[in-house]
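Listed here are the chains, written in short residue letters.
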Amino acid sequence: MKKSLKKIAILAGAAAIGLSTAACSSSSATVVNYKGGKITQDDYYEAMKDTSSGQQTLVSLIIYRTLKQQYGDKVSSKKIDAQYNKYKKQYGSSFSTVLSYSGLTTKSFKQNLATNLYSIAALKDLKKPTAKQEKNWWASYHTKTTVQHIVVAKKSTAQTVISKLKSGTSFATLAKKYSTDTATKKKAGKLAAFDSTDTSLSSTFKSAVWKLKEGEYTTTPVKTSSGYEVIKVLKTTEKGAYNTKANKKFIDNQLYTKWASNSTVMTKIIGKVLKKADVNIKDKDLKSKNLLSSYLNPSSSTASSTATSSSN
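Keep in mind it's a predicted model, so treat the numbers as computed, not measured.

### Overview of the sheet that holds strand β3 (residues 145–152)
Spatial ordering of the open sheet is given by β3-β5-β4, a layout of three strands whose pairing is antiparallel. Only two strands of the sheet have a single neighbouring strand rather than two, namely β3 and β4 (222–224). The sheet shows a mean angle of 45 degrees between the axes of neighbouring strands, direction not considered. In this sheet, strand β5 (residues 227–236) lies alongside β4 in antiparallel orientation, the contact comprising three bridges. Within the sheet, the bridge partner assigned to Lys-223 lies in β5 and is Tyr-228.

### Let's talk about the packing of aromatic side chains
Per the counting criterion, the structure on display carries 13 aromatic pairs. Ring geometry for Tyr-64 against Tyr-118: centres 6.5 Å apart, planes inclined by 40 degrees, an arrangement best described as tilted. Here Tyr-64, found in helix α3 (residues 52–71), pairs with Tyr-118, found in helix α6 (residues 106–126); they are 54 residues apart in sequence, far enough to count as distant. Taking the centre distance of 5.6 Å and the plane angle of 80 degrees together, the rings of Tyr-256 and Trp-259 count as edge-to-face. With Tyr-256 and Trp-259 both in helix α11 (residues 245–260) and three residues apart, the pair spans about one turn of that helix. Assigned by exposure class, Tyr-256 and Trp-259 land together as buried. Note that Lys-223 overlies the ring of Tyr-228, its terminal NZ or CZ placed 5.4 Å from the centroid.

### What about the pairing of strand β2 (residues 37–40)?
As defined by bridge partners, strand β1 (residues 30–34) adjoins β2 across four bridges and the pair is classed as antiparallel. When the sheet's bridge partners are listed, Thr-30 is paired in β2 with Thr-40.

### Points about the packing of α3 against α6
It is at 9 Å that the axes of α3 and α6 come closest, and there the two elements cross at 60 degrees. By the angle class used here, α3 and α6 are oblique. As for how α3 packs across α6, the hand of that crossing is left-handed. Contacts from Tyr-64, Leu-67, Lys-68 and Tyr-71 of α3 reach α6 at Gln-111, Thr-115, Tyr-118, Ser-119, Ala-121, Ala-122, Asp-125 and Leu-126.

### Observations regarding helix α8 (residues 155–166)
Taking 1.5 Å per residue, 12 residues should reach 16 Å; α8 reaches 17 Å between its end C-alpha atoms and fits that length. Residues of α8 that are buried include every one of Ala-158, Val-161, Ile-162 and Leu-165, and no others. Looking straight down α8, one finds its buried side chains confined to an arc of 100 degrees; they lie on one side. Check the buried side of α8 and you find it contacts β3, α9 (171–178) and β5.

### A word on the side chain of Asn-247
By secondary structure assignment, the location of Asn-247 is in helix α11. With a relative accessible area of 16%, Asn-247 lands in the buried category. Once residues lying within four places of it in the same chain are set aside, the contact partners of Asn-247 are Trp-138, Lys-239, Ala-241 and Tyr-242.

### A closer look at a nonpolar patch on the surface
On the surface, Val-31, Val-32, Tyr-34, Ile-39 and Tyr-44 cluster together into a nonpolar patch covering about 410 Å² of accessible area. With three residues, β1 is the largest single contributor of residues to the nonpolar patch. Positionally, Ile-39 belongs in strand β2.

### Quick look at the confidence of the model for the protein chain
Looking at the protein chain as a whole, the pLDDT averages 88, with 87% of positions reaching at least 70. In the predicted structure, residues 9–26 sits below a pLDDT of 50 and forms 37 contacts with residues beyond four places in sequence or in another chain.

Definitions and limits used
- Residues numbered from 1 in each chain as written.
- Predicted model: local features only at pLDDT ≥ 70, side-chain atom pairs only at ≥ 80, totals over all residues.
- Heavy atoms only, no water.
- Pairing = 2+ DSSP bridges.
- Helix = DSSP H or I, 4+ residues; strand = E, 2+ residues; numbered from the N terminus.
- Axes fitted to C-alpha atoms, helices over the stretch in contact; angles between N-to-C directions.
- Phe/Tyr/Trp six-rings, centres within 6.5 Å; stacked < 30°, edge-to-face > 60°.
- Buried < 20%, exposed > 50% of the residue type's maximum accessible area, 1.4 Å probe, protein only.
- Lys NZ or Arg CZ within 6 Å of the ring centre and 35° of its normal.
- Parallel < 35°, antiparallel > 145°, perpendicular 65-115°, else oblique.
- Left-handed = near helix turned anticlockwise from the far one by under 90°.
- Contact = heavy atoms within 4.5 Å.
- Expected span 1.5 Å × (residues − 1).
- Arc of directions from axis to C-beta.
- Patch = residues over 30% accessible without salt bridge, like charges linked within 9 Å, V, L, I, M, F, W, Y side chains within 5 Å.
- Areas by Shrake-Rupley, 256 points an atom, 1.4 Å probe, with all protein chains shown as cover.
- Salt bridge = Lys/Arg side-chain N within 4 Å of Asp/Glu carboxyl O.
- pLDDT = per-residue confidence, 0-100.

Below you can see the structure in the form of structure tokens.
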């Protein structure tokens, strides 16, 4: 999660630097004094704008400000605070350390969270799922399924379990005797129901499940990071039509989650926000560098890392 916080930090954390710099009342204000001289804000600005980090700070600040201007009213302070408190609760007493490690303060981290929420608001406003996209997603979706599993260290042991199942030994008996999954072995190997959007289970595990009907079990061991598994499907749920009101809402939420993690999609969204804002960089040196080209002309340049940060 430290890595995750650092990713969140890139966009608004850099913006915070720009905000604090812009807060000085005069461009000639003194930033540093030393014997025989000083460094003014003009000096600092000239030095910063020639560096990639300084240029990225400006890009990040532009994105933050334009997103906030257009979508700030879509994100309440309560929602930002709720996300912040979720992270704070998750890390407990180590939260301050994690923030510090990520180069963040409470203020800058909240700003990062706000930026991400503004980006999602922009995504939902500027990109609407089509009926074809909804239908295709639903076709590939697997509904809630309940399974039993037995995890063992060796393939040969898994084959023994399968043989005993074929001979009539109950799954519960074999789970209790053989499974290395201490959390489920005394529960007949039963797992909580899951669907294809679940990220806690491996794709290999889920692929094996989707091939089975109710009451069937895998007749060859399934190799996963946990070992070799034998899986039995207990219950599946009916999927129904994709275009019911409840299903469409669920599908659209899943599509937005998918798009929000796609840097190409989010780069285009940020580009639309910037075009609507009619951003005009006045500094001739910075203007010549086409700092926003990866957003305004994504097909002709590679998206910067900021787009990835703002989409996560």
